[in-house]
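Survey of secondary and tertiary structure
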Amino acid sequence: MNPAEIPLKAPPNVADISAADVEQVERALIDASTRVPVLMFYTSAIVWLLIGTLLAGFVSFKLHMPDMFSGISFLTWGRIRPAHMNVMVYGWASMAGIGTAIWLMARLCRTTLRHPLLLVAGAAFWNFGVLLGVIGIVMGDSTGYQWLEFPGYASIVLFAAYTLVISWAVLMFRFRRGDTIYITQWYLLGAFLWFPWMYAAAQVMLFITPVQGVMQAAVTWWYGNNLLFLWFGAIGLGTAYYMIPKVIGRPVYSYHLATIGFWSYALFASWTGMQRLVDGPFPAWMITASIAATILTIIPVATVGLNHHMTMRGYFRLLHYSPTLRFTIFGAMCYTAFSALGVVMSLRSVARYLHFTEASIAYSHLGLYGFFTMVMFGSMYYIVPRLVGREWRYASLIKLHFWGSAYGVGLMTLMLLAGGLTQGASMSDPSLPFTESTQSILPYLRGRSLSGILLMGAHFTFAFHFGLMLFGLGRTASVPTFLNPVEAEHGGTET
Amino acid sequence: MKGLFPLFLGIFGTFAFSWVGLTLVPNFQIGHLDPQMDEDGNDAYPVPRSGMAERGRKVYIENGCFYCHSQQVRADYAGSDIDRKWGERRSAPRDYIFDRPAPLGKERLGPDLSNVGKRAPAEDENAPAAASAPSPAASPAPSASAAPSADASPPAEKNANAPGKTATSADSAPAGGQLQPYSAAWHHRHLYSPRSLTLDSNMPAYRFLYEQRRIGGEPSADAIKMNRREAAPEGWEIVPTYDAKCLVAYLMSLDQSHPLKEVKSAAAPPAAPAPDKTAK
């Protein structure tokens, strides 16, 4: 059945149907129309997540056990690490983000999903592109540009896949009903337009008409930071702006704050990136401009944080029950921490110690995992039951997943930050031999491997639970699965 | 917010601002540099790599060496790079004009390699200038090229530039003699078994770049001489593949010591031939 043909009207002969009922049916129809493409993106994303987690474990252990598999070229650290990063960035995070964005777009444009074939083909091509790229990296075809390691033949496929997704998104906007464009849609529209721009610009400036020497590094970091902020950041924030008010059942605290937050974010976050090249062979103004922009991101971060906090005020007890809310709020808090850490690390006096250390890994994991991935988990806990018509089977598995992920990413961030500090401190003292810095970080790297085990447990738990849902083994119930049994009063609605 | 048009405009405008500001404008400023030459048009620096070194650069990139080894020397006020003798002057954009990608690196789980070729012992053909560099006059501490060998521990302890805690001679001295640090033979052995030369090293071994083969007739000149534990069995030898030789050729070619007009050389004493225009 083509979902586009379903009329979005209540049967005309039923007189006593209320507006709320019509809306509910309408929402159900919209959800149903997104089922195939969204589940396809989600399933692929979760498979990539598992692959990426295993690669991450390998990378982490090999850092303190360097002789492991040293005779096998495709298992060398310098190849598995980019494979891990690219699987997580393009396989897991991007596909999960697109899946959630599709569903949010359809809901917010209040129209059933048209042309699902575009998206299905997009997902298939995307998977193919990531697979091709990862095989390329492992076989020794990496381009050597951070987050753009995929060889040309894979990037082309990935870009073609993306073109299919974006053309669908533009079509959706043409068919949208209602005048108002909700906050989430600003962020999603931004993400959908910024990503192809940055990706195409980076590809052109690095591979088609390559810029000279150090400019390549500048373009790489410009791309990398914008990917983090304006692609993942925008999707993550947009999702949080939808999920938090939706789950607790009250509107966003302030629309004006949201406007300020969005535009200052677009303006300042896009100028960050060069602070990661601090004191490198660049004109100082580039780096200073990015440091200034990083400091200015305090404005959007504070406004968004305040807005979420005021929306949540009085409803924090719902964190006890709703999985979606718990993951989303955890992500939103990590976003604040991530941005604050970014500001501190960008300062030249701090960068003197933390530049070139593992602290930068802590920073990117806090952003990509603590914030983005957790928000995506939250949205999946909300969306998947609406697609498969079943509720999550085990509250205990959700709890296991949450605590595994939360402790995992917390431990990893702390380990790498503390390790980065000791590493930086010994590196900046020229009277100590260099190996002192790599030796001093070893215990922290072992601790990080421990966090990898926690995360692995969490991810496999989640994948198993998701698999149950996919095969129709969820609960048939009219109430969603709560983390803890709900007592008499509970304020929010999960529909 | 009402209406798509202002939203579109804002989304495009903000990002165009960043794109122009952070990539196009700097590209205008530093994206079209030429090699520096003296007044007679000689002594060009930098020069493009070719042959084995160029292929070695690819080996360096495809195995992700740049994830742990940076190739950028920061100015003396920004870090300890110059104190660690990773270079005598800070790196400048001009140093990288022929690099694609420019392997600046983002982490230092291994030492900086900007000048590792220059640290090779003087008799190595790839670094003929190392001995005549102007640095020893100014710095009392022995520089790496002057450090006698991996086995001489007293200078190595004082000198932060030496490759960490060196393995004691009883454990690791190769049968044939001593390896000069950063010589080609040293690099090969280091790539094959990093911890046989630097006990505290954290570098993965790159054994897949080497092959163990039966000695046919005369043993190869470039076979790696290992100590008992890691040595090849009787009648076999460990030889570098072509990729390994290229990689070492690339490492030996890394040298940013040539003075640049736009950068002040920290270690150059005032008396030494100054890198200014009137020198010749």
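Fair warning: this is a prediction, and the values are worked out from it, not measured in the lab.

**Considerations on the overall build of chain B**
Helix and strand counts for chain B stand at seven helices and two strands. Secondary structure of chain B in N-to-C order comes out as α-α-α-α-α-α-β-β-α. With 280 residues in all, chain B has 49% of them scored as buried. If you take every contact in chain B between residues at least 6 apart in sequence, the share linking residues at least 24 apart comes to 68%.

**Quick word on the interface of chain B and chain A**
Of the residues lining the interface, 65 residues belong to chain B; the matching set on chain A comes to 72 residues. Elements that contribute at least two residues to the side of chain B that touches chain A include exactly helix H1 (4–30) and helix H2 (51–62) of chain B. With 15 residues, the top contributor of residues to the side of chain B that touches chain A is H1 of chain B. Of the residues contributing to the side of chain B that touches chain A, the split by class is 31 nonpolar, 20 polar and 14 charged.

**Focus: the nonpolar core**
Soluble globular proteins tend to bury their nonpolar side chains together. Among the nonpolar cores identified, the biggest contains 169 residues, and Met105, Tyr187, Ala191 and Ala218 of chain A are the most heavily contacted of them. In terms of residues, this core owes the most to one element, helix H7 (residues 214–248) of chain A, which gives 24 residues. In this structure, Ala218 of chain A is in contact with Met274, Leu277, Phe282 and Met286 of chain A together with Leu22, Thr23 and Pro26 of chain B, ignoring residues within four places of it in sequence. Within the second largest apolar cluster, 37 residues are counted, among which are Ala120, Leu179, Ala184 and Leu191 of chain B.

**A few points about the environment of Leu193 of chain A**
Looking at the secondary structure, you find Leu193 of chain A in helix H6 (residues 183–208). In this structure, the C-alpha to C-alpha distance between Leu193 of chain A and Ser396 of chain A, residues 203 residues apart in sequence, is 39 Å.

**Here we look at the confidence of the model for chain B**
Residue and element names in this part refer to chain B. Looking at chain B, pLDDT values average 78 and 74% of them are 70 or higher. Low pLDDT, under 50, characterises residues 124–162; the predicted model gives this stretch 76 contacts beyond four residues in sequence or across chains. In this model residues 168–176 is a low-confidence stretch, pLDDT under 50, and it forms 14 contacts with partners more than four residues away in sequence or in other chains. Both confidence scores are given for the complex: pTM 0.88, ipTM 0.89.

**Focus on the pairing of strand E2 (residues 236–240) of chain B**
All names here are of chain B. Taking burial as the measure, the five residues of E2 include four buried ones, the bulk of the element. Of the strand pairs in this sheet, strand E1 (residues 210–214) and E2 are connected by five bridges, and their pairing is antiparallel. Looking at the pairing, Tyr210 lines up with Pro240 of E2.

**Examining the packing of H6 of chain A against H7 of chain A**
Residues and elements named next belong to chain A. Where H6 meets H7, the closest approach of the two axes is 8 Å, and the angle between their N-to-C directions is 165°. In terms of orientation, H6 lies roughly antiparallel with respect to H7. As H6 packs across H7, the resulting crossing turns out to be left-handed.

**Side note on unusual backbone geometry**
Residues and elements named next belong to chain B. Residue Pro46 is bonded to the preceding Tyr45 through a cis peptide linkage, with omega at -10°. Here Pro46 is to be found in the loop between H1 and H2. In this chain, Arg100 is followed by Pro101 through a cis amide linkage whose omega measures -5°. Checked against the element boundaries, Pro101 lands in the loop between H2 and helix H3 (135–138). One non-glycine residue, Asp43, lies in positive phi territory at about 55°. If you check the backbone angles, Tyr182 has positive phi at about 65° while not being a glycine. Here Tyr182 is to be found in the loop between helix H5 (169–172) and helix H6 (184–192).

**Description of the environment of Ala28 of chain A**
Note on placement: Ala28 of chain A falls in helix H1 (residues 19–33). Here the alpha-carbon distance between Ala28 of chain A and Leu50 of chain A, two residues 22 residues apart in the chain, equals 31 Å.

**So, the environment of Gly122 of chain A**
Residues and elements named next belong to chain A. When you line up the elements, Gly122 lands in helix H4 (residues 116–138). Accessibility expressed as a C-beta count within 10 Å gives 25 for Gly122, which makes it buried. Residues Gly122 and Tyr162, 40 residues apart in the sequence, show an inter-C-alpha distance of 6.5 Å. Excluding residues that lie within four positions of it along the chain, Gly122 makes contacts with Ala161, Leu164 and Val165.

Reading the values: the criteria
- Residues numbered from 1 in each chain as written.
- Chains lettered and ligands numbered in written order.
- Predicted model: local features only at pLDDT ≥ 70, side-chain atom pairs only at ≥ 80, totals over all residues.
- Helix = DSSP H or I, 4+ residues; strand = E, 2+ residues; numbered from the N terminus.
- Buried ≥ 20, exposed ≤ 12 C-beta atoms within 10 Å, placed from the backbone.
- Contact = placed C-beta atoms within 7 Å.
- Nonpolar A, V, L, I, M, F, W, Y, C, P; charged D, E, K, R; others polar.
- Core = buried A, V, L, I, M, F, W, Y, C linked by C-beta atoms within 7 Å.
- pLDDT = per-residue confidence, 0-100.
- Pairing = 2+ DSSP bridges.
- Axes fitted to C-alpha atoms, helices over the stretch in contact; angles between N-to-C directions.
- Parallel < 35°, antiparallel > 145°, perpendicular 65-115°, else oblique.
- Left-handed = near helix turned anticlockwise from the far one by under 90°.

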